[in-house]
Amino acid sequence: MECKTKGSSVTSFQGRGNSVEKATVVVIGGGATGVGILRDLAMRGVDVLLLEQRDLVYGSSSRYHGLLHSGGRYAVKDAAAGKECIEENTILRKIGKHCVEATEGFFIRLPEDDKAFEEKWVEGCRKVGIPAIPISPEEAWRLEPNLTRRIQSVYRVPDAAIDGFRMAWQNVASARRYGGRVRTYTEVIGIEQSNNQVVGVTVRNFFTGEVEKIACDFVVSAAGSWAGEIAGLAGIKVHVQPDRGTLLAFNHRLSSRIINRLRPASDGDIFVPHGSITILGTTSSPAESPEDNLPSTQEVLAMMKIGEATFENLGQYRLLRAFTGTRPLYSADPSAKGRGASRNFVILDHEKDNVKGFASIVGGKFTTYRLMAEKMSDLVCRQLKVTAPCRTAEEPLVEDPSPGLLEKARHYFPAYGTELAASRLGAERLEKVVQSMEQDPEKRQLVCECENITLAEVEAAAQDSTSHCLSDVRRKTRLGMGTCQGAFCTFRSVGVADSQNLTWGQDTNKLLQEFLQGRWNGIRPILWGNTLREAELTRGIYAGMLNINGVIDNEGK
């Protein structure tokens, strides 16, 4: 597959004479850390190409609770991690404010939680500079009336919610402005070496199976739970233990703030509000592989029981889905597992393993992805003799739309949709979408009422070079992620893809099946009550009315 993105170059593959694509640095992995490295290196003037085996944030970066940590979670056990979190929390609020909802957070202690731990926690927060302001239970109930009346003590901390999908795409948008390139659905299957020096990678197209080589001077593995497998391609052992974490999404905002249990980290002790929903997380258990991401009914029931200590009427709320991700835990000690393993990150320069021009970054947390990217980019630039400093902590991911553009957008978007669209799109893409809506009034119609996604926005996302299916469009726009979970916007978006003459948008039956299958993931373990009714409605529309499974051969017979 030839990359047509502006800025790509073609040279001879070192020592082989074949005409191949070339980049100075190849970054493997399109999670938060990978896109952060892409942005950082591109801003320093490095020719950099990111390769992702599926769509961006396919792994851990889209399968967590979306908490921008204040650091309170780590204040007792890992002061250094807590300090990194509060520092990066402050930076991301500034550079990525369109991805962050500044909710603040509560740490609450219940009667069964250890009071002695509270004293250690307060002291730990003080030492690393995390503002932890005590308030009375009465004040907490006034602010969050759904909280249990059994609260013993409460502290306010600067936690926030962060949209992982949006953060990733806005990092890419920023990197593209500096010449950074991205290829999704491109799996790395080989690390090419000559005299113990990396000279390129071998990749395979996910859709066509076509294999090709890409020449480069340096390879960075930011592959998360797959980091051990990538290192293995170069004959190097990196001990990354994937750790399962299951989460629940509720179709309600149970609180306006993030709610943490004030106790040592354990299962089911964090509630994070996102838009109109709430996510409860998470569990911790060894994973069999990086793709061990099917939640079980037993995990759901256990989480519900734990969560009812914080919100006693939790069982009355409708569950949207359960989902599972794997944390890429790294330890030099292979026996360290689960919550016993460190959440810190480590950079491994594989020149020490006799492979020059290859490094891995493992472990870490979403909150510190920018810092991780900076440290890895520093290492790469030292070896490439690039002296440009890191600027990712100062420059916003996307520019704010001007007041004039926002005022113009309000003429075309729904009443409550303009600010949301501006946050999703950023100034540059918002201007293009508004221009499309201005020229053609039909583009103003809503494809997804739950998330206020217009036809113009869906078309813009579908036409991006990294979109190959409707699920890719969903991750860029939040299409189908609202309360109906795709019941009504699926058939509308299929029509949009078909009408745009996209190469991937012609087989409408496959589009429907692919999108609905993606939405079905994580529904089975929670099929009761209103969730079951919603699933039956969707099944009636698509399997009954639209016959996408082909069960009815001829409606006349």
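Located above this text is the structure these notes cover.
Residues numbered from 1 in each chain as written. Predicted model: local features only at pLDDT ≥ 70, side-chain atom pairs only at ≥ 80, totals over all residues. Heavy atoms only, no water.

**Considering the pattern of salt bridges**
Side-chain pairs of opposite charge can arise whenever the charged atoms involved come near each other.
Alright, step 1. One pass over the structure, following the stated rule, counts 43 salt bridges.
Alright, step 2. With a shortest N-O distance of 3.0 Å, D269 and R73 are connected by a salt bridge. You can see D269 sitting in the loop between β17 (258-261) and β18 (270-274) and its partner R73 sitting in the loop between β5 (67-68) and α2 (79-95), a full 196 residues away along the chain.
Alright, step 3. The exposure class assigned to D269 is buried, which follows from its relative accessible area of 2%.
Alright, step 4. One salt bridge in this structure joins R424 and E457, with 2.7 Å as the shortest N-O distance. Taken together, the positions of R424 in helix α10 (residues 418-439) and E457 in helix α11 (residues 455-462) put the pair 33 residues apart, joining distant regions of the chain.
Alright, step 5. Here E457 falls in the buried class, since its relative accessible area comes to 2%.
Alright, step 6. Connected via shared salt-bridge partners are E21, D47, R181, R183 and E212. (Salt bridge = Lys/Arg side-chain N within 4 Å of Asp/Glu carboxyl O. Helix = DSSP H or I, 4+ residues; strand = E, 2+ residues; numbered from the N terminus. Buried < 20%, exposed > 50% of the residue type's maximum accessible area, 1.4 Å probe, protein only.)

**With respect to the packing of aromatic side chains**
Alright, step 1. Inspection of every chain in the model, using the stated rule, returns ten aromatic pairs.
Alright, step 2. Arranged with centres 5.8 Å apart and planes meeting at 50 degrees, the rings of F366 and Y369 form a pair that is tilted. Accessibility classification places F366 together with Y369 in one group, the buried group.
Alright, step 3. In this structure, R54 is placed above the aromatic ring of Y58, and the distance from its NZ or CZ to the ring centre is 5.7 Å. (Phe/Tyr/Trp six-rings, centres within 6.5 Å; stacked < 30°, edge-to-face > 60°. Lys NZ or Arg CZ within 6 Å of the ring centre and 35° of its normal.)

**Some words on the side chain of N251**
Alright, step 1. Structurally, the position occupied by N251 is in the loop between β16 (240-250) and β17.
Alright, step 2. What makes N251 buried here is its relative accessible area of 14%.
Alright, step 3. Each residue touching N251, except ones within four places of it in the same chain, is listed here: S276, R318, L320 and T483. (Contact = heavy atoms within 4.5 Å.)

**Observations concerning the sheet that holds β5**
Alright, step 1. A sheet is described by the order of its strands in space; here three strands give the open sequence β5-β10-β6, paired in antiparallel fashion. Every interior strand has two partners, whereas the edge strands, β5 and β6 (100-101), have only one.
Alright, step 2. The sheet contact formed by β6 and strand β10 (residues 160-162) spans two bridges and is antiparallel. Note that in β10 the partner of V100 across the bridge is I162. (Pairing = 2+ DSSP bridges.)

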